[in-house]
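Observations on the model geometry
Below are the chains, spelled out letter by letter.
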Amino acid sequence: MTDRRRGLALVALATLAVGIATRAWPLYWSPYPATLDAFRYARLAEATTGGALPIATLQADELVFTIVHGFLAAVTGVSTLRIAQPMVAVTGGASCLTAVALVVRIGRERDWSTRRLRIAATTAGLGIAVEGLYLRRSGVPDEEAFGLLVVPLLALAAWQALRTRRPAWWIPTVALTLTMPLLHNMSGLVAGMTLTGVATAALVRSRDRWDVLAALAIGLGYWTVYFGYALTAPAVGLDLTYSGLLSGTLGLFVAWVVAVGILAVWSRSASPTALRLAWLLPVGGWFVLVGVNTVVTIYPGTVPSPNLVALLIGAYVVPVVLVGVGLPAGRAGSGTPALAALLAPVALTYYALTATLTPQFFDLLIRVQSFAHLPAFVFVGVALGAVLVRAEPAVRGVSDSIPGVAADGGVTGASGSERIPSWLGAAGRVALTLIFVIALAATLPVGYVDLDTGAMPSTTTPGEFQGVTFAERYVNGSYATDHALSRVGIHYYTETGATVQVIPIRSWLQGGPPPTCPVLVAEDWVTAGAHLYPTAPETLSRDRYEGFLERRHVVYHSGGVDSHTLVVPRASSKDC
């Protein structure tokens, strides 16, 4: 193995190790999964380990995830609740390797030096492994974690299939195309837009009729599979999640799909300045929206951005600017899959903003932006590789025909460094590296905080789970608690005599009378606030909290740091 290959192998191993470790970190706080929906998947997976796939209660998106989840639990002998987080820690960590693969292909195509390629690959791989928002979405046990793994792989495989015509690339392309809609309905939309960008970019470089037909087969073929699945699944009794995302706004969605195709072609020949503006303006708008959302919610009736979260997200300005630096150098040739994978989620976020301002599209906006992070860090790697290493002579120039881009794929104007004193250039490179590392570190907490309250950790603690378990087992009828605790009960305990309600808590904390039924109350409602998703959280004063407990019988108290208490009225208890 050459030094070049050995160095890249070490980068890949470090990326995988760090990616898994950061996604496994919630296990430090709790053995339970770091997302509420995972309690439903754990229950469904338990049924599969017993030999009965619960088709009647499965949603279409849950089929593959449930089977894989149950299989791993059966093979390892670990309960479905406790295997969930390690499972996505591995898949999420593995997804970071795609960033390394994409940037290495870009660098090899442009004959970068070993040092430059290692810097770019390390930046892309370790950057996406620890970056907060991507860490958050790729490190929680739900089917979107599989989507984040598969979409960039599908883009890479499809581009290689179109470029090389080799069956070795066509086989995974077809397999992933057929699988993607089953994995996650929403991720399937991202995959479709990504393949639209890949296919249109391939069309403009087509050499013959085969290239044209192959590109059309990938672009149109995927949408045929996706909409065929969307029509067939309900007919066989499977419920489609997010099925309302296209109803009533299909024409607008098609317009954004066409826009992705146009942008994928335009990006190949646009000037560096125009390309950077085309990136910075719409993505800069995201920062404005987050800031506005701290004051007034963009989507009425949804959660405002906590000030702490908005402040941490401000650190993304640094990688966003670096993406703009790297885009012109990495857009052509092997950079096409990353470019298409970047355009698709950006377009979908603006589809969510231009459709209807409802909670469903708010959820779409929050989720699909995650898909932009991995390809973005590919271009961050390209940028830092170009800036930190002086431009080298190219053996094979992919970008010769692109105005404003050096033949080696570097940033135009690098030769101007000859007019800058060497010590000043070195100091500038060190400063840039430090700024990037600090900004990246500032995003890391976003992966572990509650996005509605800003509290940490964003996982179900043992005290929370035990409190819900007691309530579900011993309350005969309804009880009230906040949204987070209610989801544990609703998703995991479906065969008990208890039913859980959130409305009485919301009414009480917003100024109404206290509930007249059993209540599972958490002490952190005083500090962080009670989760009332999709509306904003509400806090409870210490006096109101203690007075509420004093006027009721305490039948359960967990104690500890995350104190949870089940209380019942001293008079006869009523249903919520």
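What you see is a predicted model; the values in this text were computed from it and never measured.

**Some details on unusual backbone geometry**
The residue Asp-111 is not glycine, and still its phi comes out positive at about 55°. Residue class for Asp-111 comes out partly exposed when judged on its relative accessible area of 24%. Non-glycine residue Arg-165 carries a positive phi angle of around 65°. With relative accessibility at 32%, the residue Arg-165 sits in the partly exposed group.

**Looking at the packing of aromatic side chains**
By the definition in use, this model includes 27 aromatic pairs. Where Phe-253 meets Tyr-351, the ring centres are 5.5 Å apart and the plane angle is 70°; that geometry is what we call edge-to-face. Taken together, the residues span a long stretch of sequence, with Phe-253 in helix H12 (residues 250-269) and Tyr-351 in helix H16 (residues 336-354) at a distance of 98 residues. Under the relative-accessibility criterion, Phe-253 is labelled buried at 2%. An aromatic cluster of three or more residues is present, and its members are Tyr-222, Trp-223, Tyr-226, Phe-227, Phe-253, Tyr-351 and Phe-361.

**Remarks on a nonpolar patch on the surface**
Taken together, the side chains of Leu-250, Val-254, Val-258 and Ile-262 present a nonpolar region at the surface, about 340 Å² in accessible area. Along the chain, Leu-250 turns up in helix H12. For Leu-250, a relative accessible area of 41% translates into the label partly exposed.

**Structural notes on the environment of Pro-26**
Structurally, Pro-26 can be placed in helix H2 (residues 26-29). With 424 residues separating them along the chain, Pro-26 and Asp-450 place their C-alpha atoms 13 Å apart. Each residue touching Pro-26, except ones within four places of it in the same chain, is listed here: Ala-34, Gln-85 and Tyr-448.

**Things to note about the pairing of strand E3 (residues 519-522)**
Here E3 shows no split at all, with Val-519 and Val-521 on one side and Leu-520 and Ala-522 on the other all buried. Here E3 runs beside strand E5 (residues 564-569); their pairing, made up of four bridges, is antiparallel. Bridge pairing links Val-519 to Val-567 in E5.

**Topic: the pattern of salt bridges**
Applying the stated criterion across every chain yields a total of eleven salt bridges. Residue Arg-165 pairs with Asp-211 through a salt bridge whose shortest N-O separation is 3.1 Å. Taken together, the positions of Arg-165 in the loop between helix H8 (143-164) and helix H9 (167-183) and Asp-211 in helix H11 (residues 209-235) put the pair 46 residues apart, joining distant regions of the chain. Arg-542 serves as the salt-bridge partner of Glu-523, at 3.1 Å between the closest nitrogen and oxygen. Of this pair, Glu-523 sits in the loop between E3 and helix H23 (542-550) while Arg-542 sits in helix H23; the two residues are 19 residues apart in sequence, bridging distant segments of the chain. The exposure class assigned to Glu-523 is partly exposed, which follows from its relative accessible area of 26%.

Calculation criteria
- Chains are numbered independently. Their residues run from 1 in the order of the written sequence.
- This being a predicted model, a pLDDT of at least 70 is required before a residue's local features are given, and a value of 80 or more before pairs of side-chain atoms are given or counted; all residues contribute to the totals for chains, interfaces and linings.
- Only heavy atoms go into the side-chain values, all of them from the structure, while hydrogens and water stay out.
- Exposure is judged per residue with a 1.4 Å probe applied to protein chains only, and the accessible area is read against the type maximum: over 50% gives exposed, under 20% gives buried, and values in between give partly exposed.
- Here a Phe, Tyr or Trp ring, Trp counted by its six-membered ring, pairs with any other such ring whose centre lies within 6.5 Å, and the pair is stacked when the planes are under 30 degrees apart, edge-to-face when over 60, and tilted otherwise.
- Per the convention used, a helix needs a DSSP run of H or I reaching at least four residues, while a strand needs a run of E reaching at least two, with both numbered from the N terminus.
- Like-charged residues are merged into a patch within 9 Å and nonpolar side chains (Val, Leu, Ile, Met, Phe, Trp, Tyr) within 5 Å, provided each residue has over 30% relative accessible area and no salt bridge.
- Each accessible area is a Shrake-Rupley result for a 1.4 Å probe, and residues are judged covered by the shown protein chains and nothing else.
- Salt bridges are identified by distance alone: a Lys or Arg side-chain nitrogen within 4 Å of an Asp or Glu carboxyl oxygen.
- Residue contacts are defined here by distance: any two heavy atoms, one from each residue, within 4.5 Å place the two residues in contact.
- Two strands qualify as a pair provided that DSSP identifies no fewer than 2 bridges between them.

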